[in-house]
Every structure is written in structure tokens, then in C-alpha cells.
Amino acid sequence: MKILVTGGAGYVGSHAVRELLKNGYEVVVYDNLSRGFQESLPKDVKFINGDLNNPELLEHVFNSNKFDAVIDFSGHLEVEESMRNPEKFYLNNVISLLNLLKAMHNHNVKTIVYSSSASVYGQPKEIPVSETHVNDTNNVYGETKAIAERMLKFFDNIYGIKSVSLRYFNAAGADSSGEIGEAHNPETHLIPIVFNTALGKRQHISIYGTDYQTKDGTTIRDYIHVKDLSQVHILAMERLLSEGKSNVFNVGTGKGYSVKEIVETARKITGNEIPTIIGSRRFGDPAELVAHVGKIKKELGWEPRYSDLKTIMETSWKWHKNHPAGYGKI
Ligand code: UFG
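Along each chain, the written sequence defines residue order, and numbers are assigned to residues from 1. Only residues with pLDDT of at least 70 are given local features in this predicted model, and only at 80 or more are side-chain atom pairs given and counted; all residues enter the totals for whole chains, interfaces and linings. Side-chain descriptors were evaluated using all non-hydrogen atoms of the structure, hydrogens and water having been removed beforehand.

Nearness is judged by heavy atoms alone; a residue qualifies as near a molecule or strand once a single heavy atom is within 4 Å of it. What surrounds the ligand is a group of 19 residues, the closest being Leu77, Leu190, Thr219, Arg282 and Asp285. In protein, a polar contact means a hydrogen-donor-capable atom and an acceptor-capable atom, both N or O and within 3.5 Å, with residues adjacent in sequence counting only if both atoms are side-chain atoms; elsewhere, any N or O pair within 3.5 Å suffices. Within the side chain of Thr219, one N or O atom sits 2.5 Å away from an oxygen atom of the ligand. Side-chain polar atom of Arg221 to an oxygen atom of the ligand: 2.8 Å apart, as the coordinates give it. Only the protein chains shown count as cover for residues, and all accessible areas are computed by the Shrake-Rupley method using a 1.4 Å probe. Protein burial of the ligand: of its 680 Å² of free accessible surface, 91% is covered by the chains.

Spelled out as C-alpha cells, the structure:
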């Protein structure tokens, strides 16, 4: 079976490509490398350097390949950037998905797994937050994910394109080989920043707020290992192909860790001091974001296997230690 992986050179996409190949799928990666790294892909995977906002190229790719399904990882993901440059986010996260869905419809491809985000919930009113929680985001990034989910719903109602939207909590960790891992430019994510500090690439990590109503005053997140996240895309795709029922799932563990706990764990793993300073709160950050995972367990029979904090942090550390410059461009 042939799968089109859009945004496949990014952090989660590149890990999912490995899982797909391991499971015997033929993969075509389509990525404009604006955020991704071709170095994160196996040398023999078919790679197209393309933008989803290039409908002619998309048309050509769909004409030249008979895809059984699409997995889309192409979204931009920085909340702060989305509030500085909303048009970029609507273009990259909404218009590009529209182009992709049009191409799928034109070529009778009826299955898509979509990377959504827990940010659609905004400031959650209850923890753990379940899929029925109102979509109430306060930023453009989360809004683009909510629009995308609604667009997918109507492309199912009208054209019969079946989708699963996976609402990621915090993707973390790295492939156990240590060959690929998390690399953003600029890096804003907590765990890479903590390890970059351990490596001396930064002088300290700034903790964004210590006055939240949480156990130690710092924000709490539900970290999900990128390998678990990758595998759930394949499971969701296979279920879609066999049962044809569109759906939305939270993908997390149901357990949260505070910023201070992450720093403490990193200190133990690295043996380094990792200096911290107290910074101010970051716009849009909920105090706590932890997934209710009952639905995905029940309906997909899925449970995370690699997402204990130790495995997440150790695999991430292995990647950062061996690749202090990421893929060489950061
Ligand atoms: N944090 C710090 N200091 C830092 C970086 C982060 O204290 O230098 C804190 C943040 O305030 C947050 C927590 O650590 O509370 C985790 O921050 P990340 O940036 O790693 O992750 P977020 O929860 O903010 O972001 C996640 C995804 C993003 C996505 C966002 C919105 O990782 O890709 O949710 O859904 F954009």
C-alpha cells in the first residue's frame, strides 16, 4: 500500500515514516523543508520537495502515484508565531489542507489521518480533558487546527473522505537509534531547551511562570513519546481503511508532569546542573493540559508503550547528546 506523507520531514513525520516503512508500507514524502530536514529521512525513501500551496505539483504527484491514504503532518505549530503572523498560519495550516483535500477528491483518495492538537481546547475547564470538551482556543494556531477538523468533517459529509484527527498533547522523545529526534529552528519546546542547557548551548532555561495553581506552581503537560504517536497514526489509518468511520481522538498518556519535574529528571539523566531562572508566563499557556484517554483506548484499543517519562527523556537525551547541532542547520 502506498501512503503520501505530507510534512514527512518534520519531527513527528520523520518518525512516522520510519514506522510506516517498518510495517511494509510504500511511502512518498512531500515536504517543502521550511521546517523539516531531509536528513531526518531514510536515503531510499521517495522524497518530493514541494509545497501544498502548489496545486499543480500536487496534481502531478497524485497523477503519478496511486495513493491508498494520506497522513498529514505539514502544519506550523508555534502559538506565539501564529499570533505575530496569522496569515502565514491560515495559508500553511488551512489553505494547504484545502489543496490537499481537493487533490484527494479529484483522485478518489478517501482516507486521511490528520495531526491536530490539544490546543483546540484552549484553557481546559476540566482535567483530564476529553474529546467532548468545547473547542475554545485563544490563538491562531489552535484556531487553524479547529478549522481543519471542521473542514475534514464536511469533506466526509459531502465527498466521503474519511479522516481521523489526532489531537496531540506534547510530542516528545526520539527514536531509540539516536539517529533522528526533535529539532526546530528556533527551538521553543521545553525538553530540547532543557537538554540544550545541559549541553551548555544555553546558559539557563527560563521557567515560564511559577505561580500557577499546580502542585509546584509550574505548568503541567502530558508528554507522549513520538514513537507511540507515530504508531497511533498507522493504527488509525488501518482502522479507517477497514471500517471507514471518521473520528477524533486525544493522543496522550493521561498523566502530567510539571516543568520543574522535567528539569529535575533531566538533571538526573545528564548529571548536569541545568541552571534555571524564573520568567514570566507565556501567552496562551494553560496551567495544566492532560488528556482523557478513555476514547482512544476503547475504540482503537491503543495504549502508549514508550511514554514513561524516563524513556522519553533518555531517548531525547541520546539524540541531543549525539547531535548537539540537530541536523546541522541549527
Ligand atoms: N516552558 C518553559 N520554558 C521554556 C519552554 C517551555 O517554562 O523555555 C514551559 C511552557 O510554558 C509550557 C511547557 O513548558 O507550559 C511545555 O512547553 P512546550 O513549548 O514544550 O509545549 P507546549 O505545551 O507549549 O506546546 C505544545 C506543542 C506545541 C504546540 C502547543 C499548542 O509542543 O507544538 O502545544 O498546542 F504548538
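Salt bridge, as used here: a side-chain nitrogen of Lys or Arg that lies within 4 Å of a carboxyl oxygen of Asp or Glu. Going through the model one piece at a time under the given rule, you end up with 19 salt bridges. With a closest N to O distance of 3.8 Å, Glu299 and Lys245 form a salt bridge. One end of the pair, Glu299, is in helix H9 (residues 294-300); the other, Lys245, is in the loop between helix H7 (226-243) and strand E11 (247-251), with 54 residues separating them in the sequence. The buried label applies to any residue whose accessible area, calculated with a 1.4 Å probe on protein chains only, is under 20% of its type's maximum; exposed applies above 50%, and partly exposed to all values in between. By relative accessible area, Glu299 is classed as partly exposed at 33%. Asp285 is paired through a salt bridge with Arg282; the nearest N and O atoms lie 3.2 Å apart. Relative accessible area serves as the criterion here: at 15%, Asp285 is assigned to the buried category. Where helices and strands are cited, they refer to DSSP runs of H or I of at least four residues and of E of at least two residues respectively, numbered from the N terminus.

Ordered by their spatial adjacency, three strands build an open sheet running E12-E9-E14, and the pairing between neighbours is mixed. Among the strands making up the open sheet, the edge pair consists of strand E12 (257-258) and strand E14 (288-289). Strands are labelled as partners when DSSP assigns at least two bridges between them.

Nothing here speaks to function; it is all geometry.
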